[in-house]
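# An overview of the molecular structure
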Amino acid sequence: MTVITKDTIGKMEDCVRGSLSGTMTFPDVLNSLKSIGVERYHADYSRQEITYYLANGQSHVVSSPHPEHATAQEFSAEDVAAAVCESQRGEHSYLDFVRKTMEAGCVGYFVQLDGRRVQYFGRKGEIHTETFPT
């Protein structure tokens, strides 16, 4: 059974730093998190933090400071999908992704590692789901 240790927390923090600095790609993050037993995680734009969940119910929160951006009132699944596609093509940084998805009305997202999907959430409960590319 995987438990949260100092090493596990260190890898979680490395993933946040690597994403924010552009030194880790989304696939790099996924591989690192899977290696330490993370089942899913929630990026909360409003609180600027990411909560990581293990299969045994343990969780850990890591601060994810990014520049302040206004979150649009209306959610645009099309604009979120466009930002995801740009990321998959390597056309912008994670910080650009955060800004663009906030401009699209996104307040955060859940990544399901085993389910290979991400759910993006709007202010009014809107949800847009993307599956990981093969």
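Structure: above.
The notes below deal with the structure included here. (Residues numbered from 1 in each chain as written. Predicted model: local features only at pLDDT ≥ 70, side-chain atom pairs only at ≥ 80, totals over all residues. Heavy atoms only, no water.)

## Structural notes on the nonpolar core
The biggest cluster of nonpolar side chains holds 32 residues, and the ones touching the most others in it are L33, Y41, Y52, Y109 and Y120. Contributions of two or more residues to this core are made by α1 (6–21), α2 (26–35), β1 (38–44), β2 (49–54), α3 (77–88), α4 (94–103), β4 (106–112) and β5 (117–122). Once you skip the residues sitting within four places of it in the chain, Y41 turns out to touch F26, V29, L30, L33, I50, T51, Y52, Y53, Y109, F110, V111 and L113. (Core = buried A, V, L, I, M, F, W, Y, C linked by side-chain atoms within 4.5 Å. Buried < 20%, exposed > 50% of the residue type's maximum accessible area, 1.4 Å probe, protein only. Helix = DSSP H or I, 4+ residues; strand = E, 2+ residues; numbered from the N terminus. Contact = heavy atoms within 4.5 Å.)

## Some remarks on the side chain of T8
Position of T8 among the secondary structure elements: in helix α1. Leaving out residues up to four positions away in the same chain, T8 has contacts with V3 and I36.

## A look at the side chain of S19
Along the chain, the position of S19 falls in helix α1. Aside from chain neighbours lying at most four places away, what touches S19 is M24, V29 and Y94.

## Things to note about the state of the cysteines
A complete count under the given rule lists zero disulfides for this structure. Free of any disulfide, C85 has its nearest neighbouring cysteine sulfur in C106, separated by 15 Å. The class for C106 is buried, based on a relative accessible area of 0%. (Disulfide = S-S within 2.5 Å.)

## Some remarks on unusual backbone geometry
Unusually for a residue other than glycine, Q48 sits at a positive phi of about 50°. Residue position: Q48 is located in the loop between β1 and β2. The phi dihedral of R116 is positive, around 55°, even though this residue is not glycine. The topology assignment puts R116 in the loop between β4 and β5. A residue is classified by how much of its surface remains accessible, and R116, at 40% relative accessible area, is partly exposed.

## Concerning the packing of α3 against α4
Look at α3 against α4: their axes get within 9 Å of each other, and the N-to-C directions meet at 170°. Considered as vectors, α3 and α4 are oriented roughly antiparallel to each other. Touching V80, A83, V84, E86 and S87 of α3 are F97, K100 and T101, all from α4. Broken down by class, the residue content of the contact of α3 with α4 amounts to four nonpolar, two polar and two charged. (Axes fitted to C-alpha atoms, helices over the stretch in contact; angles between N-to-C directions. Parallel < 35°, antiparallel > 145°, perpendicular 65-115°, else oblique. Nonpolar A, V, L, I, M, F, W, Y, C, P; charged D, E, K, R; others polar.)

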